[in-house]
Amino acid sequence: MPELPEVETIRRDLDGSVTGLKIKSLVFESDKEIKNKKDHFNDVLIGNKFKEIKRVGKLLIFELDNPYFLLIHLKMTGQLIFCSKNKFIAGGHSLEKGSLVEDVGGDLPNRYTRVIFNFINGDKLFFNDLRRFGYLKLVKKEELEEIISKYGIEPLKVDFTLENLKKVLKNRKASIKSILLNQNLISGIGNIYNDEILFKAGIEPERPANKIKTKEMGKIISSANKIIKKAIKNRGTTFSDYTDGQGRKGNFSNFLKVYGREGEKCKRCSGIIKKIKVANRGTYFCPKCQK
DNA sequence: AAGATTGTTGCTTA
DNA sequence: TTAAGCAACAATCT
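Below you will find a few notes about this structure. Just so you know, these numbers come straight off a predicted model, no measurement behind them.

Scoring rules and cut-offs
- Think of each chain on its own: its residues are numbered from 1, step by step along the sequence as written.
- Whichever chain is written first becomes A and whichever ligand is written first becomes 1, with later ones labelled in order.
- Local features in this predicted model are restricted to residues of pLDDT 70 or higher, and side-chain atom pairs are both shown and tallied only at a pLDDT of 80 or more, whereas totals for entire chains, interfaces and linings draw on every residue.
- Calculated side-chain values reflect all of the structure's heavy atoms, with hydrogen atoms and water omitted.
- Think of it this way: any DSSP run of H or I at least four residues long counts as a helix, any run of E at least two long counts as a strand, and we number them from the N terminus.
- Throughout, exposure labels follow a simple rule: accessible area from a 1.4 Å probe, protein chains only, divided by the maximum for the residue type, with under 20% read as buried, over 50% as exposed, and the rest as partly exposed.
- Only protein atoms enter the 1 Å grid used here. Points where a 1.4 Å probe fits but cannot escape make up a cavity, open sets with protein on both sides within 12 Å along at least five of seven lines make up a pocket, and a residue lines them when an atom lies within 4 Å of a point.
- Grid points are joined across faces, edges and corners, and a volume is the space filled by probe spheres set on the points.
- Classification convention: Asp, Glu, Lys, Arg as charged; Ala, Val, Leu, Ile, Met, Phe, Trp, Tyr, Cys, Pro as nonpolar; all other residues, Gly among them, as polar.
- Where a domain begins and ends is set by an automatic assignment or by a domain database.
- We call a residue near a molecule or strand whenever a single non-hydrogen atom of that residue lies within 4 Å of it.
- Under the rule applied, a polar contact is a pair of N or O atoms within 3.5 Å (in protein, one hydrogen donor and one hydrogen acceptor; residues adjacent in sequence only if both atoms are side-chain atoms).
- The nonpolar core is taken to be a set of buried Ala, Val, Leu, Ile, Met, Phe, Trp, Tyr and Cys residues, with the residues joined through side-chain atoms within 4.5 Å.
- Contact criterion: two residues are considered in contact whenever any of their non-hydrogen atoms come within 4.5 Å of each other.

1. Things to note about the environment of Ala224
Turning to step 1, where the next piece is worked out: Considering the arrangement of structural elements, one finds Ala224 in helix H7 (residues 214-233).
Turning to step 2, where the next piece is worked out: Since its relative accessible area comes to 0%, Ala224 is described here as buried.
Turning to step 3, where the next piece is worked out: Along the chain, Ala224 and Leu198 lie 26 residues apart, while their C-alpha atoms are 8.5 Å from each other.

Printed below as a string of structure tokens:
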């Protein structure tokens with residue numbers, strides 16, 4: 001389940017390796033994962049190059065050397081794996097920690113490969129997606145800007161301030177967890193980092209957002225910044241499916257403090273980690289030290 | 001074999 | 001008009 005740190009890891013892996021390569025051909029397994037017609041994809045991409053790869057929230061933005069942008073969303077099980085002269089360089093969904101792409105289960109393409117980008121120098125970029133929720137979409141600048149404008153404030157960015165968070169939480173009766181999951185309000189946080197952030201901040205996930213005190217908001221901001229920075233540094237979390245742009249697992253899994261630890265001892269107090277449902281999502285927290 | 005898994009959309013209800 | 005809650009989506013695992 002790639003969230004901000006995982007998508008950012010992939011972005012960094014691909015930006016600089018896949019950029020500048022001329023696209024020779026495209027292979028689509030079906031038309032399910034592309035939001036435009038195949039012909040349009042071929043027309044816009046073949047013979048062209050990606051100039052730069054950007055990211056907003058969990059969305060990857062490949063800027064082309066023409067008026068188009070290729071948007072790729074990995075949703076839950078998407079992977080992007082760059083293969084340079086049979087050496088795997090970049091990834092997306094889950095494997096053995098530190099392992100190479102071979103661990104995706106052998107050669108690429110595999111049974112979950114949905115799209116292949118063939119470059120003229122022989123390099124390849126594979127888009128794999130077990131559950132087929134991810135998508136590729138071509139847009140022009142105008143549509144891109146409209147899409148970007150809907151994303152909320154993002155951790156690590158300058159506008160992730162106490163003042164802005166206050167505005168977001170004000171008058172919201174929903175749980176703090178559901179607000180942090182809402183990409184239109186705050187972007188990039190998914191289920192795993194949500195639980196980790198609220199654990200570090202000492203806040204119970206079901207607390208109504210409008211009851212969060214200013215001091216606690218400060219804790220949310222500092223916790224989010226610290227956790228996300230550390231996660232990026234460790235190339236993301238592999239809980240089930242994520243791999244980096246080289247088909248390797250992320251190392252942040254070793255640093256998870258609550259997620260997936262139901263029934264285990266709290267790492268901060270003597271409590272036992274409990275699992276409940278919040279915002280329809282599996283939610284882990286310590287009832288003793290998260291208030 | 002039903003239920004859980006999760007990111008996002010879109011529907012329904014208030 | 002907006003917010004909140006939840007089903008739906010796909011495929012797999014338990």
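2. What to know about the layout of surface pockets
Turning to step 1, where the next piece is worked out: Looking at the largest pocket, its volume works out to about 760 Å³.
Turning to step 2, where the next piece is worked out: As for the largest pocket, its lining consists of 26 residues, of which Lys58, Lys75, Met76, Gly190 and Arg281 are closest to the centre.
Turning to step 3, where the next piece is worked out: Within the residue set of the lining of the largest pocket, elements represented by two or more residues are strand E4 (68-73), strand E9 (135-140) and strand E11 (281-285).
Turning to step 4, where the next piece is worked out: Considering each element in turn, the lining of the largest pocket owes the most residues, three residues, to E11.
Turning to step 5, where the next piece is worked out: Of the residues that constitute the lining of the largest pocket, the class distribution is 13 nonpolar, five polar and eight charged.
Turning to step 6, where the next piece is worked out: Of the residues that make up the lining of the largest pocket, three or more belong to each of domain 1 (4-149) and domain 2 (162-285).
Turning to step 7, where the next piece is worked out: As a volume, the second largest pocket reaches approximately 170 Å³.
Turning to step 8, where the next piece is worked out: Every residue lining the second largest pocket is listed: Glu196, Phe199, Lys200, Lys226, Ile227, Lys230, Phe252, Phe255, Lys257 and Arg268.
Turning to step 9, where the next piece is worked out: Along the lines of polarity and charge, the residues of the lining of the second largest pocket split into four nonpolar, no polar and six charged.

3. So, the protein's contact with DNA strand B
Turning to step 1, where the next piece is worked out: Lining the immediate surroundings of DNA strand B are 15 residues, of which His73, Met76, Arg131, Tyr259 and Lys275 lie closest.
Turning to step 2, where the next piece is worked out: For DNA strand B, the backbone makes up 54% of the atoms found within 4 Å of the protein, where backbone means sugar plus phosphate.
Turning to step 3, where the next piece is worked out: At a separation of 2.8 Å, a phosphate oxygen of DNA strand B approaches a polar side-chain atom of Lys277.
Turning to step 4, where the next piece is worked out: Residue Arg281 places a side-chain N or O atom 2.6 Å away from a base nitrogen belonging to DNA strand B.
Turning to step 5, where the next piece is worked out: Those elements giving two or more residues to the surface near DNA strand B turn out to be strand E10 (274-278) and E11.
Turning to step 6, where the next piece is worked out: Among the residues forming the surface near DNA strand B, the class breakdown is four nonpolar, four polar and seven charged.

4. Notes on the nonpolar core
Turning to step 1, where the next piece is worked out: If you look at the biggest cluster of nonpolar residues, it comprises 38 residues, and the most contacted ones within it are Leu169, Ile176 and Ile220.
Turning to step 2, where the next piece is worked out: The set of elements that each furnish at least two residues to this core consists of helix H4 (162-169), helix H5 (176-181), helix H6 (191-201) and H7.
Turning to step 3, where the next piece is worked out: When neighbours within four sequence positions are excluded, Ile220 is seen to be in contact with Leu165, Ile176, Leu180, Ile197, Leu198, Ala201, Ile203 and Ile212.
Turning to step 4, where the next piece is worked out: Of all hydrophobic cores here, the second largest spans 31 residues; its members include Leu26, Phe41, Leu60 and Phe117.

Shape is all these values report; function is a separate question.
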